[in-house]
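The chain contents come next:
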Amino acid sequence: MNQLHIVGIGGSTRRGSSTEVVTRGILAKTAELGCTTEMFAGPELALPPYEPGAEHSPSSARLVDAFRKADAVVIGSPGYHGSVSGLVKNALDYTEELREDDRTYFDGLPVGCIATAFGWQGAVSTLSTLRQITHALRGWPTPLGIALNTSDRSLFEAGEVADPAVLNSMMSMAEQLVFFARSREVQQTC
Ligand SMILES: Cc1cc2nc3c(=O)[nH]c(=O)nc-3n(C[C@H](O)[C@H](O)[C@H](O)COP(=O)(O)O)c2cc1C
């Protein structure tokens, strides 16, 4: 079996943002399960506004290349005014470059979705939007999505997730990503 490659995007331009921490944490758990990982966060998400047909910047070329190589994707977004942040949405718009690939967009890929917001309403609506975007990109949202209300200050400690229930959810999401990606691999060889 090939080693799976998991690509994460998430957070704001602020290094160490809560969505970045959770997204990175899930990638770390997939690495524990034997996968290679690649993360786009903070300044790496400050990409030019997506424009169809425009020449790529080095950073957007790297992102598109990573999307092409991904066996699974993890997307983390803060809830901005009830939805996905513009920064994360712009990064996802670059999947348009995969529209005419043999594997269109995220066709058949498992996608873990994480949303954080300063209240439940924004966290849940943002998670729901991420799952809808995943469907639009022909991906398969993992059964478990993660919505976090960051007004609860006990979730993080020293820049890491500290809440045991959230850590459990992160592990479950990592396992679901790997399980699905492996099942897809087996199906392709049948
Ligand atoms: C522009 C902006 C809009 C926001 N809108 C909402 C919102 O509609 N609902 C909410 O609960 N929190 C909202 N927040 C708070 C963030 O979603 C919350 O602090 C989130 O956890 C930040 O994630 P980060 O640490 O990854 O940047 C907003 C924050 C910003 C900066």
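Here, every reference points to the structure presented above.
Everything quoted here is computed from the prediction, not taken from an experiment. (Residues numbered from 1 in each chain as written. Predicted model: local features only at pLDDT ≥ 70, side-chain atom pairs only at ≥ 80, totals over all residues. Heavy atoms only, no water.)

What about the overall build of the protein chain?
- Secondary structure summary: the protein chain contains five helices and nine strands in total.
- Secondary structure elements of the protein chain occur, N-terminal to C-terminal, as β-α-β-α-β-β-α-β-α-β-β-β-β-α.
- Its C-alpha atoms give the protein chain a radius of gyration of 16 Å, near enough to 16 Å, the size a compact globule of 190 residues would have.
- Looking at the 190 residues of the protein chain, the share that counts as buried comes to 49%.
- Pairs at least 24 apart in sequence give 75% of the contacts found in the protein chain among residues at least 6 apart.
- By element, 52% of the accessible surface of the protein chain is carried by carbon and sulfur atoms, the whole surface being about 9100 Å².
- A gap of 1 Å separates the mean positions of the 15 positive and 21 negative side-chain charges of the protein chain. (Helix = DSSP H or I, 4+ residues; strand = E, 2+ residues; numbered from the N terminus. Rg over C-alpha atoms; globule rule 2.2 N^0.38 Å. Buried < 20%, exposed > 50% of the residue type's maximum accessible area, 1.4 Å probe, protein only. Contact = heavy atoms within 4.5 Å. Areas by Shrake-Rupley, 256 points an atom, 1.4 Å probe, with all protein chains shown as cover. Lys, Arg positive; Asp, Glu negative; His and termini not counted. Charge placed at Lys NZ, Arg CZ, Asp CG, Glu CD.)

Quick notes on the environment of Thr129
- Mapped onto the secondary structure, Thr129 falls in helix 4 (residues 120-136).
- Relative accessible area serves as the criterion here: at 23%, Thr129 is assigned to the partly exposed category.
- With 46 residues separating them along the chain, Thr129 and Ser83 place their C-alpha atoms 6.7 Å apart.
- Those residues in contact with Thr129 that sit more than four places away from it in its chain are Ser83 and Val84.
- There is a polar contact of 2.9 Å between the side chain of Thr129 and the backbone oxygen of Ser125. (Polar contact = N/O pair within 3.5 Å; in protein donor to acceptor, adjacent residues only side chain to side chain.)

Quick word on the nonpolar core
- With 32 residues, the main nonpolar core has Ile9, Leu63, Ile75 and Phe106 as its most contacted residues.
- Not counting the four nearest positions on each side in its chain, Ile75 is found in contact with Ile9, Val88, Leu92, Val111, Gly112, Cys113, Ile114, Leu130 and Thr134.
- Judged by nonpolar contacts, the second largest core, of 23 residues, contains Val22, Leu27, Val74 and Leu148. (Core = buried A, V, L, I, M, F, W, Y, C linked by side-chain atoms within 4.5 Å.)

Quick word on the pairing of strand 2 (residues 36-41)
- The pairing of strand 1 (residues 5-10) with strand 2 spans six bridges and is classified as parallel. Paired with Ile9 across the bridge in strand 2 is Phe40.
- The parallel pair strand 1 and strand 2 is bridged by helix 1 (residues 18-32), and the resulting crossover is right-handed. (Pairing = 2+ DSSP bridges. Right-handed = clockwise from strand over helix to strand, strands pointing away.)

Focus on the packing of helix 1 against helix 5 (residues 164-189)
- Interhelical geometry of helix 1 versus helix 5 gives an angle of 55° and a closest axis separation of 9 Å. On the basis of the axis angle, helix 1 is oblique to helix 5. Note that helix 1 runs across helix 5; the crossing there is right-handed. Between helix 1 and helix 5, the contacting residues are Val22, Gly25, Ile26, Lys29, Thr30 and Glu32 on the first element and Leu167, Met170, Met171, Met173, Ala174, Leu177 and Val178 on the second. (Axes fitted to C-alpha atoms, helices over the stretch in contact; angles between N-to-C directions. Parallel < 35°, antiparallel > 145°, perpendicular 65-115°, else oblique. Left-handed = near helix turned anticlockwise from the far one by under 90°.)

Focus on the packing of aromatic side chains
- As enumerated under the stated definition, the model contains three aromatic pairs in all.
- When the ring of Trp140 is compared with that of Phe180, the centres are 5.3 Å apart and the planes differ by 40°; the resulting orientation is tilted. Here Trp140 is found in strand 6 (residues 140-141), whereas its partner Phe180 is found in helix 5, with 40 residues between them in sequence.
- You can call Phe180 partly exposed: its relative accessible area is 27%. (Phe/Tyr/Trp six-rings, centres within 6.5 Å; stacked < 30°, edge-to-face > 60°.)

Side note on the site of the ligand
- Near the ligand lie 15 residues; those nearest to it are Arg14, Ser18, Thr19, Gly79 and His81.
- Thr116 is positioned with one of its side-chain polar atoms (N or O) 2.8 Å from an oxygen atom of the ligand.
- Here an oxygen atom of the ligand and a backbone polar atom of Phe118 are 3.0 Å apart.
- Relative to its unbound accessible area of 640 Å², the ligand is 69% covered by the protein chains.
- Sorting the residues of the shell around the ligand by element identifies helix 1, strand 3 (72-80) and strand 5 (110-117) as the ones contributing at least two each.
- A total of three residues in the shell around the ligand trace back to one element, the largest contributor, which is strand 3.
- The class makeup of the residues in the shell around the ligand is four nonpolar, ten polar and one charged. (Near = heavy atom within 4 Å. Nonpolar A, V, L, I, M, F, W, Y, C, P; charged D, E, K, R; others polar.)

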